[in-house]
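# Results of the structural survey
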Amino acid sequence: MLAPMKGTAAAALSELEREIDAPGDGLDRLRLMPTPFVPEVRLHLAEDAIVWWARMEAAVGHALPPPYWASAWAGGQALARHLLDHPELAAGRRVLDLAAGSGLVAIAAALAGAARVVANDIDPYAVAAVTINARANRVDVDASGDDLLDDVDTESDLVVAGDAFYSRAMTARVLPFLQRAAAAGADVLVGDPGRGHLPADGLTVLADYPVPTTEPSVDSSLRHVQVLRPA
Ligand SMILES: C[S@@+](CC[C@H](N)C(=O)[O-])C[C@H]1O[C@@H](n2cnc3c(N)ncnc32)[C@H](O)[C@@H]1O
């Protein structure tokens, strides 16, 4: 049983629900839209995440973490596509979506027939976004906001992580967590658009997808993403 949503995530959920109920019409709005590479899943994404972020920081009067949850990252899109096209990977299994952002991969796992899905992210807005996005897709996903990366996950049969290797520091924590989960018996799958932080060895390439991206600040509208399984 997961703990009830903590104060900051509950407040973020109220804010996102208010925004969805009364959407604006500018670049700073959230919009429920089909995910480009996974149109079976609709997500509340920002029209422009940077503009949304600037407005929210101005409104609350302090810095907020970058709203990664307001974009569908290429790594997550590839992984979600892979789970929906190979539902046997998730069906009947207990799934953890690590660094879940919008919850896209978690929602795909649920649609693929997972027995239970937990979406974990330390950003309270991401925890809230997972809740509203799971609701929009009519699936059950438990959202958790604890930092799990120093733990050993023994409760999941499948651990998935989309675009979680976006910095050297994050990779240095996420990769050992995934390796410990694999050593404890979980299947582990990652979606990575070659950001250069993952080591070249010790990973099996399962698929390679050209993914349309909604991320801010990329030169091309397509990214090549590999779905990988750590050895
Ligand atoms: C680039 S986004 C990817 C989101 C999503 N998986 C996708 O593919 O669309 C990375 C996410 O990692 C989350 N994150 C950062 N540190 C984390 C930690 N220690 N534990 C869990 N999530 C974390 C961030 O809040 C962010 O939502």
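Everything below is about the structure shown above.
Summarised in this report is the structure supplied together with it. Predicted model, so just to flag it, every value in this text is computed and none were measured.

### Things to note about helix α1 (residues 7-21)
When the terminal C-alpha atoms of α1 are compared, their 21 Å separation across 15 residues agrees well with the 21 Å that a helix rising 1.5 Å per residue should span. Taken together, the buried positions of α1 are occupied by A9, A12, L13 and L16. Looking straight down α1, one finds its buried side chains confined to an arc of 105°; they lie on one side. Opposite its buried face, α1 presents the exposed residues G7, S14, R18 and D21, each directed more than 90 degrees away. Buried residues along α1 sit in contact with α5 (124-136).

### A few points about the pairing of strand β3 (residues 94-98)
The buried count for β3 comes to four of five residues, which makes it a mostly enclosed element. With five bridges joining them, β3 and strand β4 (residues 116-120) adopt parallel strand pairing. For L98, the partnering residue across the bridge sits in β4 and is N120. Handedness of the crossover joining β3 and β4 through helix α4 (residues 104-111): right-handed.

### Describing the environment of A182
For A182, the position within the fold is in helix α6 (residues 168-183). Judged by the 16 C-beta atoms lying within 10 Å of it, A182 is partly exposed. Residues A182 and D153, spaced 29 residues apart in sequence, show a C-alpha to C-alpha distance of 8.9 Å.

### Examining the nonpolar core
Generally speaking, a soluble globular protein has its nonpolar side chains buried in company with each other. Counting residues in each nonpolar core, the largest one holds 75 residues, and the members touching the most others are V105, A106, A108, A109, V130, V159 and V174. Excluding its chain neighbours within four sequence positions, the residues that come into contact with V174 are L98, A99, L149, A161, A164 and F165.

### Description of the pairing of strand β6 (residues 158-162)
Summarising burial for β6: five of the five residues are buried, a large majority. Of the two faces of β6, both are covered, the one formed by L158, V160 and G162 as well as the one formed by V159 and A161. Bridging between β3 and β6 involves four bridges; their strand directions are parallel. When the sheet's bridge partners are listed, V95 is paired in β6 with L158. Read from β6 through α6 to strand β7 (residues 187-192), the crossover connection turns out right-handed.

About the thresholds
Residues numbered from 1 in each chain as written. Predicted model: local features only at pLDDT ≥ 70, side-chain atom pairs only at ≥ 80, totals over all residues. Helix = DSSP H or I, 4+ residues; strand = E, 2+ residues; numbered from the N terminus. Expected span 1.5 Å × (residues − 1). Buried ≥ 20, exposed ≤ 12 C-beta atoms within 10 Å, placed from the backbone. Arc of directions from axis to C-beta. Contact = placed C-beta atoms within 7 Å. Pairing = 2+ DSSP bridges. Right-handed = clockwise from strand over helix to strand, strands pointing away. Core = buried A, V, L, I, M, F, W, Y, C linked by C-beta atoms within 7 Å.

Coordinates in, geometry out; function isn't part of it.
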